[in-house]
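Summary of structural features
What follows is each chain in one-letter form.
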Number of protein chains: 2
Amino acid sequence: MAKKKEHKTTPVEKKLIGVADTVIHAAERRQDPTLSIPVRSLSNVTFSEKKGMIEMGKKKQERSFFNVGMAKKFMQTVLVADALSELQRAGLTTSLREIYYRTKHTLKDSHENTFDSQDESDPVIEDLEASLEALREELHVRAESAGSVVGPLVLVDDGDTVNCTRLGKGGYSVPSIVEPEYLSIKKCTADFVLLVEKGTQWNRLSEDKFWRRYNCILLTGNGQPPRGIRRLTRRLHEEKGLPVYVLVDNDPWGYYIYSVVKQGSINLAFESQRMAIPKAKFIGLSSGDPETYGLPRNVGIKLNEKDIARAKELLAYPWFQKSDWQKEIKRMLQSGLKYELDALANKDFQYLTKKYLPKKLKERDWLD
Amino acid sequence: MAKKKEHKTTPVEKKLIGVADTVIHAAERRQDPTLSIPVRSLSNVTFSEKKGMIEMGKKKQERSFFNVGMAKKFMQTVLVADALSELQRAGLTTSLREIYYRTKHTLKDSHENTFDSQDESDPVIEDLEASLEALREELHVRAESAGSVVGPLVLVDDGDTVNCTRLGKGGYSVPSIVEPEYLSIKKCTADFVLLVEKGTQWNRLSEDKFWRRYNCILLTGNGQPPRGIRRLTRRLHEEKGLPVYVLVDNDPWGYYIYSVVKQGSINLAFESQRMAIPKAKFIGLSSGDPETYGLPRNVGIKLNEKDIARAKELLAYPWFQKSDWQKEIKRMLQSGLKYELDALANKDFQYLTKKYLPKKLKERDWLD
């Protein structure tokens, strides 16, 4: 186990210690200890056309200890940095919720808690991620557990060699943290990655050994892909040069899932550099597919008001300005219907594996 | 791949064909085709003290084709039975949602759909499960994807030998269907199964290799355990004689999760015979633990009205009548607080692995 090795101060740990140093240096000089935290609001987020990703700007705000309005948040930041250092020293990982519990206590001789709810500790962790330029995973903080992978991929996890072609239909359960420190990609002979939104379709593809026939890696996060799945996809793209195709429902939420994989998200703009995959392609379901593949209108679902409002928001996003995307989204609005991938079962239980995806791949029918 | 083998009619397929036979025989005799379906309402559910499980009674209702109020449902039942037969013949599995899409069409020369929503097809599948005495999994219908397992367990999935001691921290991604037809337990040298409600704690235990030190199998469903996790736990209990310990949050929902694992659920009473584990033990969090383990009150969460109402409902359930359980639930109500397992991190990130569970196991401190 990596964590049992003799402890060497990690680069991330050094950054965390830097937070404490700021306080000590200021105290020594009888100055006001101040941390400089990047602004994480919409005003400091831009879409870089050139890089094809959502990025955080350079605006920063000072957080100082001797300011009544900031003192508590300053103290909280130092407490969280301390807990995160503890994780680094011990070589442990934990969850956002446990960080909250770990750092919560009642201040001596008072009824004041360091934190009253996780809503206070989560943003502090994001502040530290942004200001230290360290991914949450590098800070050893797990997100929810992730999803599954099968295909021609050999990983090393905790010293165990995991061959993802030899794990039946179930596959390897992707951990939340897949940074090289924890998971290495030993071998990958696939031609591409297929990132599937929902478990149902992933199960169909895994059961049918689609990965074997099309020499690909099948990944799913059982819904909006969690961070571990996104990071593993990104690593396969970056380190192994694999193209990434995203398969989602045909609705505004499917489009959005794709856009987060591709450009990153507004909320976590500071992470796009490490999470986004600007070359990812949208392979379906497209609003043109029901006609192309002869899906009857009665398996479409009427767009509700929320869907329509969301689709209109998407139309306005800078990263959906390409004419093909405008056409794609407008066609959905015009039809008044959305379609789930599950609806392909109306044709045949194996339609996805045997007809839909083969045709899509053969005709290179995807959106960029 | 098992599914490529020459097709032999399976016992379940024979039962499904029996549904069609009922129609044909009746038609030949110019009688009203009628199916006999067990009643799945609370009035037909009992708790068997002796068996320690929730069971379905013997009440049945007739569903006939020539009854105006039943004709549509009868037709739906036959359509679903047909789709399920198709799965058996092809050796495929699918989801509830795909069954809905597969069987949905508009009746010829009408605007009438066979099904208008999944709310109509799901109960029909449950009717067939109950009347054919076949688990949903035996009908090849998947539930949501499941969770993860690590520990001294060797499985065979689709011809692949999966050694759950050699899959790092991530582990094997448990499929939704774990029936012997799909997954066999090749070897299991563990002493017990620890079924963990939440992924956070499972990750902690997996990271710390708790399973190695305590020779156990660690299972989680990342929340309320899905069917695949419950069935795998039951199989390990039944086929390998392993005791099962359930680790949940200390709140009414945690108690309920435990009770479903142990006695089965009211809604799916007809499945208890194959799903319930009457000997499962509740290992924590107990409402006595905060005191025993010195958890401060400020990491407890105030019970809200819903919690209190739910706890009172639990107090009235026949399967919570044991005096220890009455004491357990009443103590939570008296304290006015609930505690998450995550709160153990307040002591130390590894408190669960190094102190809490070792003491619980050593002192055999669990509830039956």
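Residues take numbers from 1 onward in each chain, read along the sequence in its written order. Chain A is the first chain written and ligand 1 is the first ligand written, with later ones labelled in order. Local features in a predicted model are, by the rule used here, given only for residues with pLDDT of at least 70; side-chain atom pairs are given and counted only at 80 or more, and totals for whole chains, interfaces and linings are based on all residues. Processing note: side-chain calculations cover all non-hydrogen atoms of the structure and skip hydrogens and water entirely.

Digging into the domain arrangement of chain A
All names here are of chain A. Looking at chain A, the domain boundaries give domain 1 (2–32 + 67–142) and domain 2 (147–362). As used throughout, domain bounds are those supplied by an automatic or database domain assignment. The C-alpha-based centres of domain 1 and domain 2 are spaced at 35 Å. Residue contacts are counted whenever heavy atoms from the two residues lie within 4.5 Å of one another. Taken together, the contact pairs 14 residues of domain 1 with 13 residues of domain 2. When two parts are put together, the accessible area they lose, computed with a 1.4 Å probe and summed over both, is reported as buried area. The junction of domain 1 with domain 2 conceals about 1200 Å² of combined surface from both sides, 56% of it contributed by carbon and sulfur atoms. The salt bridge criterion pairs a side-chain nitrogen of Lys or Arg with a carboxyl oxygen of Asp or Glu, the two atoms within 4 Å. Seen at the junction of domain 1 and domain 2, the total is 2 salt bridges. Here Arg274 and Glu138 are joined by a salt bridge, their closest N and O atoms 2.7 Å apart. Secondary structure elements follow DSSP: runs of H or I of four or more residues count as helices, runs of E of two or more count as strands, with numbering from the N terminus. Counting residues per element, the ones that place at least two in the side of domain 1 that touches domain 2 are α4 (118–132) and β6 (141–142). For the side of domain 1 that touches domain 2, a count of residues per class yields 5 nonpolar, 3 polar and 6 charged. Each residue gets one of three labels, nonpolar for Ala, Val, Leu, Ile, Met, Phe, Trp, Tyr, Cys and Pro, charged for Asp, Glu, Lys and Arg, and polar for the others, Gly among them.

Observations concerning the relation of the copies chain A and chain B
Under the fitted operation, chain A is carried onto chain B by 0.0 Å of movement along the axis and a turn of 180 degrees, and the coordinates agree to an RMSD of 0.0 Å. The transformation just described matches what one would write down for a two-fold rotation axis. Judged by C-alpha distance, Ser173(A) is the residue of chain A that lies nearest the rotation axis, at 2.2 Å. Of the interface residues in chain A, 100% have counterparts in chain B that sit at the interface too, so the contact is made through matching surfaces. When the copies are superposed, the least-squares fit draws on C-alpha atoms of residues that have pLDDT of at least 70 in both.

With respect to the interface of chain A and chain B
Contact with chain A, which involves 60 residues of that partner, is made by 60 residues of chain B. The contact between chain A and chain B buries some 5200 Å² in all, and 46% of this surface belongs to carbon and sulfur atoms. Joining chain A to chain B, the criterion identifies 10 salt bridges. Across the pair Arg97(B) and Glu340(A) runs a salt bridge whose closest N-O atoms are separated by 2.4 Å. We call two N or O atoms a polar contact when they sit within 3.5 Å, provided that within protein one can donate a hydrogen and the other can accept it, with sequence-adjacent residues counted only if both atoms are side-chain atoms. Remark: the boundary between chain A and chain B carries 38 residue pairs in polar contact (both at pLDDT 80 or more). Within the residue set of the side of chain A that touches chain B, elements represented by two or more residues are α2 (68–90), β5 (94–95), α3 (96–103), β9 (160–163), β10 (172–174) and α5 (199–207) of chain A.

Quick word on the sheet that holds strand β11 (residues 183–188) of chain B
Strand pairing in a sheet relies on backbone hydrogen bonds. The paired strands run either parallel or antiparallel. Residues and elements named next belong to chain B. Note on pairing: two strands pair once DSSP finds at least 2 bridges between them. Sheet architecture is open: 3 strands sit in the order β9-β8-β11, paired in antiparallel fashion. Looking along the sheet, the strands with just one partner apiece sit at the ends: β9 (160–163) and β11. Adjacent strand axes in the sheet meet at a mean angle of 25 degrees, parallel and antiparallel pairs treated alike. In this sheet, β9 lies alongside strand β8 (residues 153–157) in antiparallel orientation, the contact comprising 4 bridges. Among the inter-strand pairings, Leu155 is bridged to a residue of β9, identified as Val162. Structural elements are reduced to axes, namely lines fitted to C-alpha atoms, with helices fitted over the stretch in contact, and the angle between N-to-C directions of any two is expressed from 0 to 180 degrees. Where helix α7 (residues 227–240) meets the sheet, it contacts β8 and β11, and its direction lies at approximately 50 degrees from that of β11.

Looking at the pairing of strand β3 (residues 53–56) of chain A
All names here are of chain A. Two strands pair when backbone bridges link them, and strand β2 (residues 45–48) and β3 are joined in this way by 4 bridges, in the antiparallel orientation. Across the sheet, Val45 pairs through a bridge with Met56, a residue of β3. Between β2 and β3, which pair antiparallel and follow one another directly, the connecting turn spans 4 residues, one of which, Gly52, has a positive phi of 70 degrees.

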